[in-house]
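# Remarks on the overall topology
Okay, here's what each chain looks like letter by letter:
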Amino acid sequence: MLRLLSLAVFLATWWIAALFAGAEKLPPPPAVLAAIGAEAKSGALFINLGVTLARVALAFTLAMTLGTAIGYLMGRVRLANRLGDPWLILLLNLPALVVIVLAYIWAGLTEVAAIAAIAINKLPTAIVTVREGTRALDASLDEMARVFAIPPWKAFRQVILPQLAPYIAAAARSGLSLVWKIVLVAELLGRSNGVGFEIGVAFQLFDISRLLAYSLTFVAVVLAIEIALVQPFETRLSRWRPRAA
Amino acid sequence: MRLEVNIARKAFTNAAGERHDVLVDFNCSLGAGEVGVFVGPSGCGKSTLLKILVGLDRDYTGRVARPPDARIGMVFQEPRLLPWRSVEENVRLAAPQADDTKLSLLFAVLELNAHRNHFPGELSLGLARRVALARAFAVEPDLLILDEPLASLDDSLADRLRDEIATLVDSRSVTTLLVTHNVDDAIRLGDRIFLLSPRPARILAELPIRTPRSARGPAEIAAIRADIERVINGDRAGEDDT
């Protein structure tokens, strides 16, 4: 209920601001809705959203898998941490734009380059978070697993992974928001479809209705995924924790 | 199974780089099905000794002889349960081969039936200790290790849990090692009591108790207690009568 009210206040503010700023600078909600309708009717909206979502899914999965594996290794093996740490610091501080431009130069304006660039941007934060989680593992539970001779794979799944789960969830949460931001830049710079490309076109044509149409539908999709997928997953992972008051 | 322990030396290097001996010339043996009790002052190296016996610590000189495939059930000082698994899942994780009837019996003896689906975070310390006991017994161990299983419980609860342990140990006749600093627990549960010196730990005396656990009356317990106190005090006077 409160959320709906908050949404209504947002729409009202937008509408009033549009009246003052003029329709060419800030089109009112009905104009943007019409633009969304037009793009949806032609099918372009769904194709572009779909393409962007596919890139997000691929890059996110790639970065999370690699990041978790490398982070776990660096948390467990001192040598791996020493070797990997300088690379990690380099990657952490490398601007997203540099990675994207270099990827397009070296690998061409291809899908592989785009997805790799997005994944590389997300990778280091995933590694750092999972590494912290690995360092915080409870040694006494490890001892328990060894004394009771629990097979290594089973111990990893039942003893180690649940301890890492909050860290992996945190990495996924912060990583997903990073990927949402970077995917549009990567599309703007080097792809010929996707939400980022369409926003670039709208920017060049100064078509603000279309720009807002794509931005808002994209935000709506992100919100829907957060509410429908990420939050229930987090709740499930932490169901054994006593509830906060 | 039979347990033979000959540890020549176990030392730790502390943060300042100094070496400290924890165990020196530590020899003891325990027959199959016997309950051995280590009684010693806190900090004397009992936990280190247990880590060596179960194979968690291999950095020592000497030898521990036990069958290499011996199944070990252990109750740690803290319950060490997985907080994200229910009571029953915790037990089954350690004992995947345990069948339902045996598990039900075990839960009944330890009065855990009402808590099978609870998470460890919802249990009191006494209950969590019982779950840890259930887990150790469920694996049907060849060697059972109990590291201060009754510490920090109130007296009446400790009494009940001690009786439950005695019942379980008698019903399986498993080689058992109990570590405690409570002389009473040692006398009521043990078949053979090892009195340990302060650090570096060695065995001051070995006292076998021949009367079965259930038949030990107050008079006999008092006599054994007097024996133990004599050894401990005798050592303080600088003698070693073993």
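Just so it is clear, the model here is predicted, and its values are computed rather than measured.

Rules used throughout
Residues numbered from 1 in each chain as written. Chains lettered and ligands numbered in written order. Predicted model: local features only at pLDDT ≥ 70, side-chain atom pairs only at ≥ 80, totals over all residues. Heavy atoms only, no water. Helix = DSSP H or I, 4+ residues; strand = E, 2+ residues; numbered from the N terminus. Rg over C-alpha atoms; globule rule 2.2 N^0.38 Å. Buried < 20%, exposed > 50% of the residue type's maximum accessible area, 1.4 Å probe, protein only. Areas by Shrake-Rupley, 256 points an atom, 1.4 Å probe, with all protein chains shown as cover. Lys, Arg positive; Asp, Glu negative; His and termini not counted. Charge placed at Lys NZ, Arg CZ, Asp CG, Glu CD. Patch = residues over 30% accessible without salt bridge, like charges linked within 9 Å, V, L, I, M, F, W, Y side chains within 5 Å. Salt bridge = Lys/Arg side-chain N within 4 Å of Asp/Glu carboxyl O. Contact = heavy atoms within 4.5 Å. Pairing = 2+ DSSP bridges. Axes fitted to C-alpha atoms, helices over the stretch in contact; angles between N-to-C directions.

## Section: the overall build of chain B
Looking only at helices and strands, one finds seven helices and nine strands in chain B. Rg of the C-alpha trace for chain B: 18 Å, near the compact-globule value of 18 Å for 242 residues, within the 12% margin. Taking all 242 residues of chain B together, the buried fraction comes to 52%. When the accessible surface of chain B is summed, it comes to about 10900 Å², and 49% of that surface belongs to carbon and sulfur atoms. Side chains of chain B give 31 positive and 36 negative charges; the mean places of these two sets differ by 3 Å.

## Considerations on a nonpolar patch on the surface
Taken together, the side chains of Leu97(A), Val98(A), Val101(A), Leu102(A), Ile105(A), Trp106(A), Val185(A), Leu188(A) and Leu189(A) present a nonpolar region at the surface, about 820 Å² in accessible area. Along the polypeptide, Val101(A) turns up in helix 5 (residues 96-107).

## Some thoughts on helix 9 (residues 195-205) of chain A
All names here are of chain A. All of the buried residues in helix 9 are Val195, Gly196, Glu198, Ile199, Gly200 and Ala202. Next to the buried residues of helix 9 lie helix 3 (44-76), helix 8 (152-190) and helix 10 (208-237). With its phi angle positive at about 55°, Phe206 sits one or two positions after the end of helix 9.

## Here we look at the sheet that holds strand 4 (residues 61-65) of chain B
Residues and elements named next belong to chain B. Here we have three strands laid out as an open sheet, ordered 2-1-4, and antiparallel in their pairing. Of all the strands in the sheet, just strand 2 (19-30) and strand 4 have a single pairing partner and so form its edges. The mean angle between the axes of side-by-side strands here comes to 20°, regardless of whether they run parallel or antiparallel. In the sheet, strand 1 (residues 3-13) pairs with strand 2 via 10 bridges, with the strands oriented antiparallel. Each residue of the ladder has a partner; that of Asn6, found in strand 2, is Asn27.

Coordinates in, geometry out; function isn't part of it.
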